[in-house]
Amino acid sequence: MKKILVGFVLAGTLLSAGPYTQKDRILNMQTMASAMQTIQNGFFYNNIDMVIEGTGLLADTVIKIEPPLEETEEKDVMTRYTNNKVQMSNRIKKKIIRKTKDIIERFRDGDATQALQAYSKITGQCMACHTQLRKW
């Protein structure tokens, strides 16, 4: 009986998990912008808890970013190629996650200047993605 119940719950979870859409991407981008603001406020108020909260939210959200369904189902090969730069996005994700860890370590050690430089590098990675993928 327990196995059947677990099976139904698992099947329901898998069925309710819809495809990643442009709307999901926009929500994730807004979450990441909020996380960056929380990190910045943590710097200004010298509050390690705010920095940890912001970096955690940023790292958790950046992992979710992927090409939306509209881009993955694009029929034109060249359009799909230019829209779907998965390797580039994965490199940027790894760099952002690495820099969030640097921010926490540096800020905790009292080196706010280095923490701010890591924050600035995250901002640079955000802009790199936006300029290459969104043609800003």
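These notes cover the structure that comes with them. (Residues numbered from 1 in each chain as written. Predicted model: local features only at pLDDT ≥ 70, side-chain atom pairs only at ≥ 80, totals over all residues. Heavy atoms only, no water.)

Turning our eyes to something else, we now look at the overall build of the protein. For the protein, the count of helices and strands is seven helices and zero strands. Among the 136 residues that make up the protein, the fraction classed as buried is 28%. Relative to all contacts within the protein whose residues are 6 or more apart in sequence, the contacts with residues 24 or more apart total 69%. As presented, the protein carries roughly 9300 Å² of accessible surface, and 59% of it is formed by carbon and sulfur atoms. (Helix = DSSP H or I, 4+ residues; strand = E, 2+ residues; numbered from the N terminus. Buried < 20%, exposed > 50% of the residue type's maximum accessible area, 1.4 Å probe, protein only. Contact = heavy atoms within 4.5 Å. Areas by Shrake-Rupley, 256 points an atom, 1.4 Å probe, with all protein chains shown as cover.)

With that settled, consider helix 6 (residues 86-108). Relative to the 33 Å expected for 23 residues at 1.5 Å per residue, helix 6 spans 33 Å between its end C-alpha atoms, a close match to the ideal helical length. When we look at burial in helix 6, the residues that qualify are Met88, Ser89, Ile92, Lys93, Ile96, Thr100, Asp102, Ile103, Ile104 and Phe107. Turning to helix 6, the residues buried within the fold contact helix 2 (22-44), helix 3 (48-62) and helix 7 (112-133). Looking at the residues trailing helix 6, positive phi occurs at Gly110, about 90°. (Expected span 1.5 Å × (residues − 1).)

Before going further, it helps to examine the side chain of Thr61. Checked against the element boundaries, Thr61 lands in helix 3. At a separation of 2.7 Å, a polar atom in the side chain of Thr61 contacts the main-chain carbonyl oxygen of Leu57. Once residues lying within four places of it in the same chain are set aside, the contact partners of Thr61 are Asn28, Thr31 and Met32. (Polar contact = N/O pair within 3.5 Å; in protein donor to acceptor, adjacent residues only side chain to side chain.)

This next bit is on the pattern of salt bridges. Side chains that differ in sign of charge can pair as their charged atoms come close. Overall, the coordinates contain one salt bridge when judged by the stated rule. A salt bridge links Asp102 to Lys99, with the shortest nitrogen-to-oxygen separation between them at 3.5 Å. One end of the pair, Asp102, and the other, Lys99, are both in helix 6, three residues apart, so they sit about a helical turn from each other. (Salt bridge = Lys/Arg side-chain N within 4 Å of Asp/Glu carboxyl O.)

Under the defined criterion, the tally for this structure stands at two aromatic pairs. Ring plane angle 50° and centroid distance 5.4 Å describe the contact between Phe43 and Phe107, whose orientation is recorded as tilted. You can see Phe43 sitting in helix 2 and its partner Phe107 sitting in helix 6, a full 64 residues away along the chain. Neither Phe43 nor Phe107 differs from the other in exposure class; each is buried. Seen from their ring centres, Phe43 and Tyr119 are 5.7 Å apart, and the 80° between their planes marks the pair as edge-to-face. Of this pair, Phe43 sits in helix 2 while Tyr119 sits in helix 7, and the two are 76 residues apart along the sequence. Taken individually, Phe43 and Tyr119 each receive the classification buried, so the pair is uniform in this respect. (Phe/Tyr/Trp six-rings, centres within 6.5 Å; stacked < 30°, edge-to-face > 60°.)

A water-sized probe, rolled over the atoms, reveals where empty space remains. The space that makes up the largest pocket amounts to roughly 330 Å³. At the level of secondary structure, the elements contributing two or more residues to the lining of the largest pocket comprise helix 2, helix 6 and helix 7. Considering each element in turn, the lining of the largest pocket owes the most residues, six residues, to helix 7. (1 Å grid on protein atoms, 1.4 Å probe; cavity = no way out; pocket = protein on both sides within 12 Å on 5 of 7 lines; lining within 4 Å. Points joined across faces, edges and corners; volume = space filled by probe spheres on them.)

We now examine the packing of helix 3 against helix 6. Each packed pair of helices is defined by two parameters, the angle between the axes and the distance between the axes. Contact geometry of helix 3 with helix 6 gives a least axis separation of 10 Å together with a crossing angle of 170°. With respect to each other, helix 3 and helix 6 are oriented roughly antiparallel. Contacts between helix 3 and helix 6 involve Ile48, Val51, Ile52, Thr55, Leu58, Ala59 and Val62 from the first element and Lys93, Ile96, Ile97, Thr100, Ile103, Ile104, Phe107 and Arg108 from the second. Residues belonging to the contact of helix 3 with helix 6 are distributed by class as follows: eleven nonpolar, two polar and two charged. (Axes fitted to C-alpha atoms, helices over the stretch in contact; angles between N-to-C directions. Parallel < 35°, antiparallel > 145°, perpendicular 65-115°, else oblique. Nonpolar A, V, L, I, M, F, W, Y, C, P; charged D, E, K, R; others polar.)

Fair warning: the whole summary comes from geometry, so function is off the table for now.
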